[in-house]
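Residue-level structural notes
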Amino acid sequence: MTYPAVSTAVDLVNAPLLYKGKVRELYDLGEEVLIVVTDRISAFDYVLDPAVPEKGNVLNRLSAFWFGQTSELMENHVVHIDVDRLGGIVKDREALRNRIMVVRKAERIDIECVVRGCITGGGWRQYQETGKVNGIGLPAGLRKNAQLSQPIFTPAAKNDVGHDEDIPFEKMQELIGAELALELKEKSLKLFAFAREYCEERGIILADCKFEFGLLDGKVILIDEIFTPDASRFWAKDKYALDIEIDSMDKEPVRTYLSASSWDKNSTPDPLPAEVVEETTRRYLDIYHRLTGKTL
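The written sequence of each chain sets the order in which its residues are numbered from 1. With pLDDT at 70 or above as the cut-off, local features in this predicted model cover only qualifying residues; side-chain atom pairs require 80 or more to be listed or tallied, and sums for whole chains, interfaces and linings still use all residues. Excluding hydrogens and water, the side-chain figures rest on all heavy atoms present in the structure.

- Looking at an unreviewed UniProt entry, one finds the protein named Phosphoribosylaminoimidazole-succinocarboxamide synthase, with Paenibacillus riograndensis as its source organism.
- Under the Sequence similarities (unreviewed entry) heading, UniProt states for the protein: "Belongs to the SAICAR synthetase family."
- UniProt positions are given in the numbering used here, feature names are shortened, and annotations may be inferred rather than shown by experiment. Heading Pathway (unreviewed entry) of the UniProt record for the protein holds this comment: "Purine metabolism; IMP biosynthesis via de novo pathway; 5-amino-1-(5-phospho-D-ribosyl)imidazole-4-carboxamide from 5-amino-1-(5-phospho-D-ribosyl)imidazole-4-carboxylate: step 1/2."

The following block contains the structure:
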């Protein structure tokens, strides 16, 4: 049986809903949390219709893959990803197969840890205005998409409503303490270096990415998702160029379509055309295959 896209798991899970994000839903299992990765897609701060088939499947499997790859570098929150172990908690196991993750409860550190290996996106806009990114001075004359000689750590203070706020490292130290801030910076840079080398060997440039960390019994662990198309900017090496908008390996078809449409970005947009949804599914399946060597 082929299952349609999953927009929500609320009617499929016998557990209290803790949190519903743009894509993920968190359910309370007592000492643990069940994360369900839906097929919802967002752009420009709006959740769009329809959901994108296989997107949640790819995001969840990729996170599980990377948590496994990096487990020796850093402890993470994963307990298991086996829907069959959930018994009666899940009403339809096949509908949620490959899109669940049971994790340990950790206290989230309210800092988004961003590492940039290239000067692009929001970092490029900051650099154009100030010559700096998050207060970090960079050489004059850099061009858009230039690869930095050393990756930079550019944290943001998390806001559950609205945009996260880019902050200098000194502000991060004030918010969470100097020792913890330094630990998160070092761990973020180490994780980025590992993944960048892995991607390079597969013809992919990891331009930038973000991490979230939590505290469990006083120890820092990696939480949320890592090195997925929703948390990283992947470029195919054969598409790389300076001074252009590089077609990234994620939901770019959606952003491109919306940007070219008459949508005012202040109201819920019309449903996405079928061809945009299909191309977006293809993009997610492609990056999964290129990173893992597997197909869904």
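Details of the pairing of strand S3 (residues 32–37)
- S3 sits mainly inside the fold: 5 of its 6 residues count as buried.
- In terms of strand pairing, strand S2 (residues 24–28) meets S3 through 5 bridges, oriented antiparallel. Across the sheet, residue Tyr 27 finds its bridge partner in S3, namely Leu 34.
- By this definition, two strands are paired if DSSP reports at least two bridges between them. Elements are defined by DSSP. Helices are runs of H or I of four residues or more, strands are runs of E of two residues or more, and each kind is numbered from the N terminus. Hairpin geometry of S2 and S3 is characterised by an intervening segment of 3 residues between the two adjacent antiparallel strands and by a positive phi of about 95° at Gly 30.
- Examined bridge by bridge, S3 and strand S7 (residues 100–104) share 5 bridges and lie antiparallel to one another. Along S7, the bridge assignment pairs Leu 34 with Val 102. Burial classes follow relative accessibility: with a 1.4 Å probe on protein chains only, a residue under 20% of its type's maximum area counts as buried, one over 50% as exposed, and anything between as partly exposed.

Here's the deal with the pattern of salt bridges
- A side-chain nitrogen of Lys or Arg and a carboxyl oxygen of Asp or Glu constitute a salt bridge if their distance falls within 4 Å. Inspection of the entire model under this criterion finds 27 salt bridges.
- A salt bridge links Glu 75 to Arg 104; the nearest nitrogen and oxygen atoms lie 2.9 Å apart. Of this pair, Glu 75 sits in the loop between helix H1 (55–69) and strand S6 (78–80) while Arg 104 sits in strand S7, and the two are 29 residues apart along the sequence.
- Overall, Glu 75 belongs to the partly exposed group, its relative accessible area being 29%.
- Each member of the salt-bridge network shares a partner with another, and the members are Glu 112, Lys 158, Asp 164, Lys 210 and Glu 212.

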